[in-house]
Amino acid sequence: MIGRLNHVAIAVPDLAAATGLYRDALGASVSKPQPLPEHGVTVVFVELPNSKVELLEPLGEGSPIGKFLESSPAGGMHHICYEVEDILAARDHLKAEGARVLGDGQPKIGAHGKPVLFLHPKDFVGTLVELEQV
Ligand code: CO
């Protein structure tokens, strides 16, 4: 059911420092910072030949990344995103398999302007999973 790895998201306490690390030490191609207030993050996209990494810094009060950084102040992997062709069919299949879909179970428009859902990390070996319809 899942397709390509769309991105790995890493929560970071200092976006400029993390961007510099990926650009200078790792030699990656990085985007300009993009504030996404509706998601409570500022994001930098790291373009890789076969996928993307997203560096997420908290933006505003109540950012989901802010809570994450309280328990992991140095930053860390926040979620992994897999592509699916039909997000509603994927959701219904996962619910039938006993997985918990976060929120109200309705897809939201994600950082790339496409419908996304998140799955409970406790149901996926400790990893927050995002599904994106492509
Ligand atoms: Co994501």
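Residues numbered from 1 in each chain as written. Predicted model: local features only at pLDDT ≥ 70, side-chain atom pairs only at ≥ 80, totals over all residues. Heavy atoms only, no water.

Peer 1: Please clarify how the overall build of the protein should be interpreted in this entry.
Peer 2: Secondary structure assignment for the protein yields three helices and nine strands. Mapped from its N terminus to its C terminus, the protein presents α and β elements in the order β-α-β-β-β-β-α-β-α-β-β-β. Here the C-alpha radius of gyration of the protein, 15 Å, is about what a compact globule of 134 residues would show, namely 14 Å. Expressed as lengths along the three principal axes of its C-alpha atoms, the size of the protein is roughly 45 × 35 × 25 Å. Considering the protein as a whole, with its 134 residues, one finds that 40% of them fall into the buried category. Contacts in the protein between residues far apart in sequence, at least 24 positions, make up 53% of those at least 6 positions apart. Charge centroids of the protein, computed over 11 positive and 17 negative side chains, lie 1 Å from each other. (Helix = DSSP H or I, 4+ residues; strand = E, 2+ residues; numbered from the N terminus. Rg over C-alpha atoms; globule rule 2.2 N^0.38 Å. Buried < 20%, exposed > 50% of the residue type's maximum accessible area, 1.4 Å probe, protein only. Contact = heavy atoms within 4.5 Å. Lys, Arg positive; Asp, Glu negative; His and termini not counted. Charge placed at Lys NZ, Arg CZ, Asp CG, Glu CD.)

Peer 1: Hey, could you run me through the coordination of the cobalt ion in this one?
Peer 2: Working reference: metal with six octahedral donors, ideal angles 90 or 180 degrees; metal with four tetrahedral donors, ideal angle 109.5 degrees. At the metal site, the cobalt ion is ligated by H7 (NE2), H79 (NE2) and E130 (OE), and these contacts range over 2.0 to 2.1 Å. Sequence positions of the donors to the cobalt ion reduce to the motif H-x71-H-x50-E. With H7 in strand 1 (residues 5–11) and E130 in strand 9 (residues 129–133), this residue pair connects regions lying 123 residues apart in the sequence. Its relative accessible area of 0% is what places H7 among the buried residues. Residue classification places E130 among the buried residues on the basis of a relative accessible area of 5%. (Donors = N, O, S within 2.8 Å, 3.2 Å for Na, K, Ca; no water.)

Peer 1: Where do I start with the environment of L59 in this structure?
Peer 2: If you trace the backbone, L59 turns up in the loop between strand 5 (52–58) and helix 2 (64–71). Among the residues examined, L59 registers a relative accessible area of 29% and is labelled partly exposed. For L59 and V43, which are 16 residues apart along the polypeptide, the C-alpha to C-alpha distance reads 9.5 Å.

Peer 1: I keep staring at the pairing of strand 1 and nothing clicks. Help me out?
Peer 2: Along a regular strand, successive side chains alternate from one face of the sheet to the other. With six of seven residues buried, strand 1 is to be regarded as a mostly interior element. Strand direction decides the pairing type here: strand 1 and strand 6 (residues 76–84), joined by six bridges, are antiparallel. In the sheet register, V8 faces strand 6, and the bridge partner there is I80. Bridging between strand 1 and strand 5 involves five bridges; their strand directions are parallel. Paired with A9 across the bridge in strand 5 is E54. (Pairing = 2+ DSSP bridges.)

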